[in-house]
Amino acid sequence: MPELAEPAAVVEQVDCPACDVSAGSTCRTRGGKVAPKHDTQRVIFTVHPSGCHPS
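Residues numbered from 1 in each chain as written. Predicted model: local features only at pLDDT ≥ 70, side-chain atom pairs only at ≥ 80, totals over all residues. Heavy atoms only, no water.

**Student:** Just checking my understanding: could you explain the overall build of the protein chain for this structure?
**Tutor:** Secondary structure assignment for the protein chain yields two helices and zero strands. Within the span of the protein chain, comprising 55 residues, buried residues form 16% of the whole. At a minimum sequence separation of 6, the contacts of the protein chain that also span at least 24 residues come to 29%. Carbon and sulfur atoms provide 57% of the accessible area of the protein chain, an area that totals close to 4500 Å². (Helix = DSSP H or I, 4+ residues; strand = E, 2+ residues; numbered from the N terminus. Buried < 20%, exposed > 50% of the residue type's maximum accessible area, 1.4 Å probe, protein only. Contact = heavy atoms within 4.5 Å. Areas by Shrake-Rupley, 256 points an atom, 1.4 Å probe, with all protein chains shown as cover.)

This is the structure we're talking about:
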């Protein structure tokens, strides 16, 4: 069975459509500071390891 990755690491594998950060970076606020949580759009666009989108 493959080892599961940390949720934040999985989310950060895709670009964020809300704050325009590239894959591998954490989300940013409008002021450019590190956001306390990931943008919802980024979490929705994250593909589940099995290849299915989360429901």
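Once the structure has been displayed, the description carries forward.
**Student:** So what exactly am I meant to see when it comes to the environment of cysteine 27 here?
**Tutor:** Here cysteine 27 lies in the loop between helix H1 (7-11) and helix H2 (40-45). Distance in space between the C-alpha atoms of cysteine 27 and histidine 38 is 5.7 Å, their sequence separation being 11 residues.

**Student:** Would you mind going over the side chain of glutamate 12 with me for this structure?
**Tutor:** Looking at the secondary structure, you find glutamate 12 in the loop between H1 and H2. Buried charged residue glutamate 12 carries no salt bridge. Nearest counter-charge: arginine 42, at 5.5 Å. In this structure, glutamate 12 is in contact with Ala23, Gly24, Ser25, Thr26, His38 and Arg42, ignoring residues within four places of it in sequence. (Lys, Arg positive; Asp, Glu negative; His and termini not counted. Salt bridge = Lys/Arg side-chain N within 4 Å of Asp/Glu carboxyl O.)

**Student:** Sorry if this is basic, but what is going on with unusual backbone geometry here?
**Tutor:** Residues other than glycine predominantly adopt negative phi, and peptide bonds predominantly adopt the trans conformation. Look at aspartate 20: it is not a glycine, yet its phi comes out positive at around 65°. You can see aspartate 20 is positioned in the loop between H1 and H2.

**Student:** What should I look at first to understand the state of the cysteines in this one?
**Tutor:** Note on terminology: disulfide describes a covalent bond linking the sulfur atoms of two cysteines. Under the counting rule described, the total for this entry stands at zero disulfides. Here cysteine 19 is not disulfide-linked; the sulfur of cysteine 16 is the nearest cysteine sulfur, at 3.6 Å. Cysteine cysteine 27 shares no disulfide, and the gap to the nearest cysteine sulfur, in cysteine 16, comes to 3.8 Å. (Disulfide = S-S within 2.5 Å.)

**Student:** Sorry, what's going on with the environment of valine 21 here?
**Tutor:** Counting through the fold element by element, valine 21 comes out in the loop between H1 and H2. In this view, valine 21 contacts Asp15, Cys16, Thr26, Cys27, Arg28 and Arg42; residues no more than four positions away in its chain are not counted.

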